[in-house]
Structure formats: C-alpha cells, structure tokens
Amino acid sequence: MQTVEGILNEPKTNFVGKDGFYWWVGEIEDNEDPMELGRVKVRVLGYYTNPRGGTVANLPTEQLPWATVLQHTSQAGNDAQGESSGQLQAGAIVMGFFMDGEDAQMPVVIGVLRVQKAVESGKEHTFAFTGENMEEPVINPALRPPAGANSNKFNNKSNPSGRNDVKIPGSKIQPEPAGPGSPNNIGVHISGSSGNPLKGRNPENPIPTANGVGGPWKSVEAKLSYLMEDIVDTSSTLVATDDTGNFIDIVSGKVVTLENLTRKLKNFMGAVFTQIVSGIRMSTANLSSGLGGLLGSILGSLFGSVPFAAKIQIQNAITSLLSSMCAIDGQIAGFIDAPMATINTLINNMLNGAISKLEMLTQGVQTVIDSIVCNVENVLADVKKVIATVKATTSTVAGAAEIIANWEKGDSVFEPGSDLMKNGLAGLTGLVALFSNFASGDSCDRKPSGGKAKNGFYPLFGVTSCTDAELANINKVRGGRGSCAGESAGTGVLDQIFSKADPYLQVATTFITGGYDHHIGTPGRQAHVIKEPSGTTHSSVNINNNTYAEYIYMKELKKSNPDLTPEEREAKLEAYKKTNRGNTKDDTGNLVADHSTYAGNHTIDVIGDECSNIDGDKVINVEGDYRLKITGDMHLEVGGGFFMDAVGSAKQVDKNGKDAEDKGKVQKHVIKFDSDLDMNVAGADFQLQASKILVGSKKYEGIIDDYSLKSDKQDFLATKEIIISADTAITHNTPNMFNNINQPVSDKADKPGIRTTCAGSIITNVIPASPHATVPPIITTNKDGPISTTCGSTGMDTEVLSGGHYVTVAGVSKHTVNKDSNGAGGDINISAKRNMTTDVVGTFRVTAKTIFLN
C-alpha cells in the first residue's frame with residue numbers, strides 16, 4: 001500500500017502541496033481499521049461512485065482505500081502521545097482530500113458534515129450514496145426510543161433520524177426527546193428521582209435533614225411526602241416486563257421490583273412505629289415506677305397479712321404494664337404491611353393508566369397517614385385496656401387510684417377521654433406533638449436549638465430553614481414541581497434551563513458510550529451537564545432571573561424592531577428594567593451551584609489524605625446502613641450543639657426490598673469502649689433519662705460536690721461491705737428505719753421508728769478527737785418509751801420523761817436508775833465513788849424495804 005514515504009519517490013514533477021488540490025465528499029462504509037489507526041473506508045462521491053449506480057459491484061467496499069483521519073493539533077502526535085482514533089461510524093458524511101491528487105488512492109478525512117439525510121436511509125439502514133444495506137449498526141443510546149428497554153438486540157429502525165447532528169433542548173427542528181444518550185432525552189422531560197439520575201430531585205418540600213433531637217417523628221410529614229414523591233416519580237419511568245411482575249426503568253434500563261421501589265418507605269415506617277412504642281413504653285414505665293414507689297410506702301405503713309396481698313396486687317399490675325409493651329414490639333411489622341399493600345396497588349394502577357401521578361401521590365400519602373394514626377390509636381387502646389385492668393386489680397390498695405389518676409393527668413397520651421381523632425389531633429401533626437419530647441435543659445434555660453421540623457435542602461440550593469421568606473426566594477428561581485401540578489413536565493431549575501435553552505447558544509457532544517457533554521449558554525440560564533455511561537450526571541448551573549428576562553426582552557425587541565440602533569435598544573432596555581417587567585425587581589442574585597447524581601454505586605479509593613473544607617453545612621442522608629470504620633484515632637470537635645437520636649428500629653427490608661432477617665425486632669443500641677473513657681460535661685448539667693438503668697462495674701467511684709438522688713425505691717446489695725463516710729454529717733429522714741444485723745429481713749412495722757435487730761453485740765464508743773479534746777455527750781430524749789443505755793468513763797446526759805431507764809456512769813458522776821421493762825418492780829441503785837449531786841425540782845421520794853447508805 002502507499003505510504004507517506006512513498007510520496008517522496010513519486011516520479012512526478014509536481015508534489016504534495018504544489019499539484020492540484022482534489023477535495024471530495026463521501027460516505028463512510030467501514031471503520032474497522034486492521035492497523036487500528038482510526039482509518040475509514042469512504043465511498044467518495046464521483047470517484048468511487050457513478051450516477052447510474054452499480055458502484056458496489058464494480059468497486060466493493062473491501063477494495064476501497066483506507067482514508068486517514070485528520071485530527072486537531074492540540075496533542076503531541078508522536079511516540080504514543082495524543083488522542084486515540086475518533087468514533088466515526090458507517091453512514092457518516094465526511095469531507096476530505098486526496099494526498100496523491102488525481103490518482104485518488106490516498107484519501108484524508110478532514111471533517112464531518114452535518115447534513116440532512118433521507119429518513120428512509122435511517123429506517124432501512126442503507127447507505128445514502130449507494131442504497132446498499134449497512135451491516136447491523138452500533139447501538140446508538142442517543143437515538144434509542146425513550147420508552148425502549150435497554151437491550152443489546154436494539155436497532156435504530158424503530159426511531160430513525162434523517163439528521164446526523166446532536167439533538168439538543170430548545171430545538172425547533174428536533175423537539176421530540178431522544179434516548180438517554182442524548183442531551184434532549186427523556187430525563188429532561190420528567191422529574192429527577194431514584195429512577196432518573198439525569199438531574200436532581202425536585203421535591204415539593206425540602207428533603208428533610210437530621211436534627212438529632214426528635215428522631216423520625218420530628219420530620220415525619222416532610223419525610224413521608226418526599227419518599228412518596230420519589231416513588232411516584234420513579235414509577236413514572238417504569239414499563240412492565242413480560243409476566244414477571246418486574247419493571248424496566250426506561251431511563252437507566254435497570255430492572256425494578258415493587259419491593260425495591262418501596263423499601264425506603266417500609267424502613268422509614270419501621271423507625272416511626274419504633275419511636276411510637278418507645279414513647280408509650282416510657283409513659284407506662286413512669287406509671288410502673290409510681291406504683292413501685294407506692295409499694296414501698298405501703299409496706300412501711302401496714303402490718304399483718306395486708307402488706308403481702310397489696311404487694312402481690314401491685315407487682316401483678318406492674319408486670320401487666322411491662323408485658324403489654326413487649327407484645328407491641330411484635331406488631332410493628334403488621335403495622336407496615338397493611339398500608340404497603342395499598343401502596344403497591346396504587347403503583348400498579350398508575351402504571352396501567354387507571355390513576356394519574358397526582359392521584360397516586362395524594363392517595364399514597366393519605367393512606368400512610370391514616371395507617372399510622374389508626375395503628376397508634378389501636379396501640380393506645382390496647383394499653384388503655386391494660387391500665388383499666390390495673391385500676392381494677394389495685395382498687396383495694398390505698399393510694400393506688402390516686403397515683404394512677406395523677407399520672408393520667410400529667411400524661412397527654414393516656415389522659416382519660418383523650419381521643420386523637422375526636423380532639424383535633426388527627427393526622428401526624430398531633431402525633432408529633434405527643435411523641436416528640438425534648439430535653440428540658442438546665443437552670444440557665446439552655447435548650448437544644450436543633451430539630452426544626454422543616455429544616456431541609458433542595459438539590460443545587462443547599463440547606464434551608466424553610467421560612468416563608470426563604471422559600472419564596474428559592475421558588476423564584478426553582479419554580480414549581482411538575483409531577484404535583486398535574487401531568488405537565490417538571491418546572492424545576494434544570495427543567496427551566498432545558499426548556500428555555502437557546503438552540504443557537506449550545507454545544508453538545510454525544511459519545512458511543514451513551515454519555516454526553518452538553519454546554520448551554522443561554523444568558524441567565526447557563527449550564528454544563530456531563531452524563532457518564534452509567535447514567536451518572538454532573539450538572540453545573542449559573543442562573544439569574546433578571547439576566548434571563550433582559551435577554552428575552554432584547555431578543556423580542558430585535559425581532560419586532562430590527563431597525564433600532566444599539567443605542568436605541570439599550571435605552572429601551574433601561575426603560576424596561578425601570579418598569580419592573582420580567583421579574584427584575586427584588587433580584588435574588590445568581591444561583592451558582594453544582595449537583596451530581598450517581599446512578600449506581602459510587603466508590604472511592606484515596607491512597608493518601610482526603611480533605612474537605614466546607615464553609616456552609618454538610619448534610620448526608622443515608623436511606624440504608626451507615627458504616628464508618630477507623631483504624632487510627634477519631635477526632636470530633638463540635639462548636640455548636642451535639643445532637644444524636646437513635647430509634648432502634650430494625651430494618652424491615654434489605655436493600656433489595658426483601659424482608660430483613662430481623663424484621664419487626666426492635667434492637668438495642670451499643671456503645672463499646674475497650675480502653676479508658678473520660679466524659680467531661682464542663683460547667684453544665686448532665687441529664688440521663690431511661691425507663692431502666694443497669695450499670696455493671698468492678699469498681700465504681702464518684703467524686704461529687706453535691707449529690708442528690710430521688711427515687712421511689714433503692715436497693716443496695718454488697719457481697720462484702722458498704723462504707724458511708726461524711727466529713728460533717730449524715731442525715732436520715734424517714735418514718736421507718738430497719739437495721740437487721742445478722743438476722744433475716746423483716747418488713748413489718750406497727751409504729752414509725754428505728755428498729756434494730758442484732759444477733760450479736762452492739763458497741764458504741766465515744767472517744768476524744770484529740771488528747772486534749774472534750775468528748776461530746778450522748779444525749780437521748782424519749783417522750784413515751786423506755787431507754788436502756790450504757791456509757792463509759794466520760795459522761796452522759798439522759799432525760800427520761802417516763803418509763804424506766806438503766807444508767808451506769810463510771811466517771812465523775814454516776815446515776816443509776818434500774819426498772820424492769822414494764823416500768824415497775826426492779827431495783828434502784830444509786831452509787832458514786834466520788835461526788836454525787838441530785839437536784840430535784842418538786843418532790844423527791846425514796847421508798848424501799850431496805851435502804852443502805854455507804
């Protein structure tokens with residue numbers, strides 16, 4: 001074959017560049033270059049054809065010379081550097097020249113012509129120059145029908161095109177949408193969703209963000225609306241497969257099942273119902289605790305057989321309350337199944353055309369709301385029945401009815417006569433108020449500032465607090481939501497850019513992979529969209545309503561008054577701006593933002609550090625599990641509030657929508673540390689609320705300046721000893737105190753007082769704190785009963801108002817009075833080794849059969 005070097009040896013007087021320049025137009029018939037240089041075989045018009053046809057028979061494709069393709073110069077072009085060969089396909093109309101002049105054996109392609117071809121050539125897959133059939137063409141994702149399934153058997157006959165240019169938004173010649181590989185694809189005519197990654201979602205309300213203080217209940221209405229909108233939008237891109245019950249997504253080509261479509265809604269509802277159970281459990285735990293405190297007070301005030309009967313009644317009541325809550329856990333899965341059956345029916349009805357997207361959305365949301373409220377009512381009704389039984393079983397126990405009544409008055413859920421439906425609390429708003437309990441803060445009135453119900457974000461707009469003023473400014477740019485406004489196309493940010501794009505201010509490149517690179521330069525509606533083969537799309541926008549309004553005004557002005565000078569047009573523009581036309585008042589400024597939607601898995605390997613510096617908020621919503629594994633240290637610094645809310649709901653379904661292994665089982669939360677842990681709440685309160693707290697430790701030490709513990713009952717059990725030390729005083733305030741030393745526990749009390757039963761010695765020693773200190777006296781005053789006390793060699797002051805008292809004093813003064821336990825009989829001994837003084841105010845009488853005075 002001819003080579004570049006061979007041209008130098010051509011026996012001609014002329015040479016390349018000096019002989020005649022023979023340019024041509026041709027049609028590519030083959031691009032599979034055996035040398036892989038990107039060469040093509042071109043049927044050059046006139047040279048390799050004739051007006052009467054029959055060219056292929058006279059000059060088959062196999063005999064056409066390979067044409068070199070000229071590329072641009074922004075590359076090295078040597079030593080395996082530069083770009084690979086292009087993607088010229090059979091049927092392309094190209095222009096070139098012959099390097100060997102009129103010999104016409106060394107063609108060079110210099111460019112592709114954008115031309116109009118007969119539609120029949122695309123439908124029949126025939127070459128325009130020869131009418132011969134092409135071989136089976138390469139699948140063209142840009143030409144694939146929008147509703148066609150993603151199949152390798154696809155051919156372009158079902159959607160032929162007479163043009164070889166790129167379909168772009170705003171085109172008046174090619175307004176119909178094309179396949180996913182075209183910038184003017186179905187993805188710009190429907191809302192973004194889980195099934196349409198070609199643009200960001202455009203929910204009616206902002207996508208809820210985590211607040212950490214309310215759990216799922218705090219954003220249940222907004223979250224539910226968002227999830228249902230996503231189901232509706234995704235369903236609108238599905239077509240049923242053959243008798244499998246599955247669907248094909250017309251945008252991504254993925255197989256979608258009903259279980260997968262509704263998995264996020266199922267798991268969210270599981271979290272919601274788990275939080276309901278948690279709230280009711282906490283409320284009933286408070287009642288159980290109150291009854292437990294009553295049990296302690298009853299045991300301290302009654303005697304005989306009544307305490308045992310009361311104890312059994314109250315214990316049964318507490319067991320009934322706690323058992324009822326455990327039974328509710330097993331019902332969570334059933335709470336979810338009923339509304340999901342209705343949702344599945346609505347999806348099928350929408351896909352079959354029986355209902356519209358708007359009807360699907362409205363009915364679906366209402367179905368879930370009604371189900372949640374109804375199930376909450378049923379749960380509360382069941383628990384109220386248990387409470388009614390508790391009332392009946394404890395009616396004979398003094399004080400029980402009062403405790404239950406006071407608890408009901410302080411509990412809005414179980415207040416007598418409360419009815420969520422009848423009392424204006426129907427719907428989710430009332431339930432949120434009942435079950436979203438915030439920490440009360442401290443004495444400085446510190447309260448959590450997070451947890452705003454409508455805090456969320458829009459794609460491209462970022463986080464918003466959703467005030468009326470802020471949403472109004474956003475909606476000036478964002479527009480409305482198409483799928484909620486009937487069956488019209490979406491009018492979100494990207495929809496506005498695509499639908500109002502100027503076809504003369506665009507450039508787009510599509511690739512055989514199904515990807516494209518699309519630039520839109522419409523003033524005030526500028527965008528750059530890159531679509532990857534997977535469907536992943538990156539969008540960058542620069543939007544300004546005023547700029548766009550001025551552009552449209554000037555465009556219309558030029559059309560209606562073409563003879564105006566530039567100065568005159570500028571003057572009219574200024575006048576137009578002053579009249580507040582075209583949304584030029586209250587300029588919201590430019591929306592400068594980027595958004596990426598990943599159609600499938602997105603994984604990253606960073607062989608080194610990964611650093612991000614975010615001037616605003618960082619929000620991550622994870623509909624599945626979140627796993628963070630750290631081999632080294634973890635450092636977390638929070639300048640504001642730190643809020644963490646975990647519900648404990650088990651996944652109802654896995655990532656494929658199938659029932660999860662632990663479906664319906666409320667799970668524990670676990671925080672585990674394998675080394676020392678220091679927790680410091682500097683200068684602030686530490687509050688811990690739970691229905692039950694268990695602490696296991698080999699050693700427990702607390703260093704506290706002021707310790708206060710309030711509870712209905714406290715049990716301290718030590719296998720060895722309990723030591724209580726105080727530098728100033730230990731004070732016990734109680735109607736009864738039992739000290740059982742080496743004796744079985746006794747809980748009978750006929751009268752208030754201190755009862756000490758000791759199988760062994762009771763020794764009380766009072767000694768000086770120092771050699772020169774005076775030992776304080778032991779003073780015992782008893783109004784009604786006897787006192788028996790023995791004091792050592794120091795001293796004691798004893799006042800006995802009535803009854804007998806036996807005192808032995810070995811010090812300066814001894815005064816012994818001895819009477820028996822009944823206050824009569826016995827001996828009276830008065831003795832002193834040194835001095836004795838007796839002062840009597842009144843009558844002093846000594847009566848005895850025998851008196852000894854020594």
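Bear in mind that the values here come from a model prediction, so they are computed numbers and not experimental data. (Residues numbered from 1 in each chain as written. Predicted model: local features only at pLDDT ≥ 70, side-chain atom pairs only at ≥ 80, totals over all residues. Heavy atoms only, no water.)

**Here we look at the overall build of the protein chain**
Phase 1: On a plain count of helices and strands, the protein chain comes out with 15 helices and 22 strands.
Phase 2: Partitioning the contacts of the protein chain with sequence separation of at least 6, the portion at a separation of at least 24 is 57%.
Phase 3: Surface accessibility of the protein chain: about 53200 Å² in total, with carbon and sulfur atoms responsible for 51%. (Helix = DSSP H or I, 4+ residues; strand = E, 2+ residues; numbered from the N terminus. Contact = heavy atoms within 4.5 Å. Areas by Shrake-Rupley, 256 points an atom, 1.4 Å probe, with all protein chains shown as cover.)

**Points about the pattern of salt bridges**
Phase 1: With the rule as written, the count across this model stands at 11 salt bridges.
Phase 2: Notably, a salt bridge pairs Lys555 with Asp502, separated by 3.3 Å at the nearest N-O pair. Here Lys555 is found in helix H14 (residues 545–560), whereas its partner Asp502 is found in the loop between helix H13 (493–499) and strand S12 (506–510), with 53 residues between them in sequence.
Phase 3: Of the charged contacts in the structure, one is a salt bridge between Lys577 and Glu550, with a shortest N-O distance of 3.9 Å. Residue Lys577 is found in helix H15 (residues 566–578), and its partner Glu550 is found in helix H14; the two are separated by 27 residues along the sequence.
Phase 4: Judged by relative accessible area, Lys577 falls into the partly exposed class, the value being 33%. (Salt bridge = Lys/Arg side-chain N within 4 Å of Asp/Glu carboxyl O. Buried < 20%, exposed > 50% of the residue type's maximum accessible area, 1.4 Å probe, protein only.)

**Section: the sheet that holds strand S13 (residues 516–522)**
Phase 1: Strand order across the open sheet formed by five strands is S12-S13-S14-S15-S16, with antiparallel pairing between neighbours. A strand with exactly one partner marks an edge of an open sheet, and here the two such strands are S12 and strand S16 (591–597). The mean inter-strand angle of the sheet, taken between neighbouring strand axes irrespective of direction, is 5°.
Phase 2: Of the strand pairs in this sheet, strand S14 (residues 525–531) and strand S15 (residues 537–543) are connected by seven bridges, and their pairing is antiparallel. Its bridge partner lying in S15, Val529 is registered against Ser539. (Pairing = 2+ DSSP bridges. Axes fitted to C-alpha atoms, helices over the stretch in contact; angles between N-to-C directions.)

**Focus on the confidence of the model for the protein chain**
Phase 1: For the protein chain, the average pLDDT comes to 74, and 70% of its residues sit at 70 or higher.
Phase 2: Per-residue pLDDT stays below 50 along residues 799–828; that stretch engages in 54 contacts with residues further than four places along the chain or on separate chains. (pLDDT = per-residue confidence, 0-100.)

**Focus: the sheet that holds strand S2 (residues 40–44)**
Each strand in a sheet pairs with its neighbour through backbone hydrogen bonds, running either in the same direction (parallel) or in the opposite one (antiparallel).
Phase 1: What the five strands build is a closed barrel, ordered S1-S2-S3-S5-S4; its pairing is mixed. For this sheet, the mean inter-axis angle between neighbouring strands, taken without regard to orientation, is 55°.
Phase 2: One ladder, built from two bridges, connects S2 with strand S3 (residues 66–69); its direction is antiparallel. Of the residues in S3, the one forming a bridge with Lys41 is Trp66.

**Concerning the packing of aromatic side chains**
Phase 1: Summed over the entire model, instances satisfying the criterion amount to seven aromatic pairs.
Phase 2: An aromatic cluster of at least three residues, connected via ring pairs, comprises Trp24, Tyr47, Tyr48 and Phe98.
Phase 3: Over the face of the ring belonging to Tyr548 we find Arg525, whose NZ or CZ atom lies 4.6 Å from the ring centre. (Phe/Tyr/Trp six-rings, centres within 6.5 Å; stacked < 30°, edge-to-face > 60°. Lys NZ or Arg CZ within 6 Å of the ring centre and 35° of its normal.)

**Section: unusual backbone geometry**
Outside of glycine, negative phi angles account for most residues, and trans bonds account for most peptide bonds.
Phase 1: If you check the backbone angles, Ala104 has positive phi at about 60° while not being a glycine.
Phase 2: By the secondary structure assignment, Ala104 is in the loop between strand S4 (93–98) and strand S5 (107–112).
Phase 3: Of the residues examined, Ala104 reaches a relative accessible area of 4% and is grouped as buried.
Phase 4: Even without glycine at this site, Leu460 takes up a positive phi of about 80°.
Phase 5: Looking at where Leu460 falls in the secondary structure, it is placed in the loop between strand S10 (456–458) and strand S11 (462–464).

**Observations regarding the packing of helix H8 (residues 332–351) against helix H9 (residues 357–393)**
Helix packing geometry: the angle between the two helix axes and the distance between the axes.
Phase 1: For the pair H8 and H9, the least separation of the axes is 9 Å and the interaxial angle reads 170°. The pairing of H8 with H9 is recorded here as roughly antiparallel in orientation. Judged by residue contacts, Phe335, Pro339, Thr342, Ile343, Leu346, Ile347 and Met350 of H8 engage Lys357, Met360, Gln363, Gly364, Thr367, Val368, Ser371, Asn375 and Val379 from H9. (Parallel < 35°, antiparallel > 145°, perpendicular 65-115°, else oblique.)

**Concerning the nonpolar core**
Phase 1: By size, the foremost hydrophobic cluster in this structure holds 48 residues, and its most contacted members are Met228, Leu265, Phe273, Ile343 and Met360.
Phase 2: When residues of this core are traced back to their parent elements, those giving at least two are helix H4 (220–235), helix H5 (258–261), helix H6 (263–299), helix H7 (306–329), H8 and H9.
Phase 3: If you tally residues by element for this core, the top one is H9, at 14 residues.
Phase 4: Residues within four places of Met360 in sequence aside, it is in contact with Met228, Ile231, Val232, Ile343, Leu346, Ile347, Met350 and Ile355.
Phase 5: Listed in part, the 20 residues of the second largest apolar core include Val493, Leu494, Tyr516 and Ala593. (Core = buried A, V, L, I, M, F, W, Y, C linked by side-chain atoms within 4.5 Å.)

**Overview of the pairing of S16**
Looking along a regular strand, one sees the side chains alternate between the two faces of the sheet.
Phase 1: Burial along S16 is one-sided: the residues Leu591, Ala593, His595 and Thr597 are buried and none of Val592, Asp594 and Ser596 is.
Phase 2: In this sheet, S16 lies alongside S15 in antiparallel orientation, the contact comprising seven bridges. Bridge pairing links Asn542 to Val592 in S16.

**Considerations on the packing of H14 against H15**
Phase 1: One way to put it is that H14 packs onto H15 with a least axis distance of 11 Å and a crossing angle of 135°. The angle between H14 and H15 places the two elements in the oblique class. Like other packed secondary-structure pairs, H14 and H15 cross with a definite hand, here right-handed. Listed contacts from H15 to Ala549, Glu550, Tyr553, Met554 and Leu557 of H14 are Arg569, Lys572, Leu573, Tyr576 and Lys577. (Left-handed = near helix turned anticlockwise from the far one by under 90°.)

**Remarks on the environment of Ile387**
Phase 1: In this structure, Ile387 sits in helix H9.
Phase 2: Accessibility expressed as a relative area gives 3% for Ile387, which makes it buried.

**Describing the side chain of Ser539**
Phase 1: Inspection of the secondary structure puts Ser539 in strand S15.
Phase 2: Given the relative accessible area of 5%, Ser539 is considered buried.
Phase 3: Each residue touching Ser539, except ones within four places of it in the same chain, is listed here: Leu494, His528, Val529, Ala593, Asp594 and His595.

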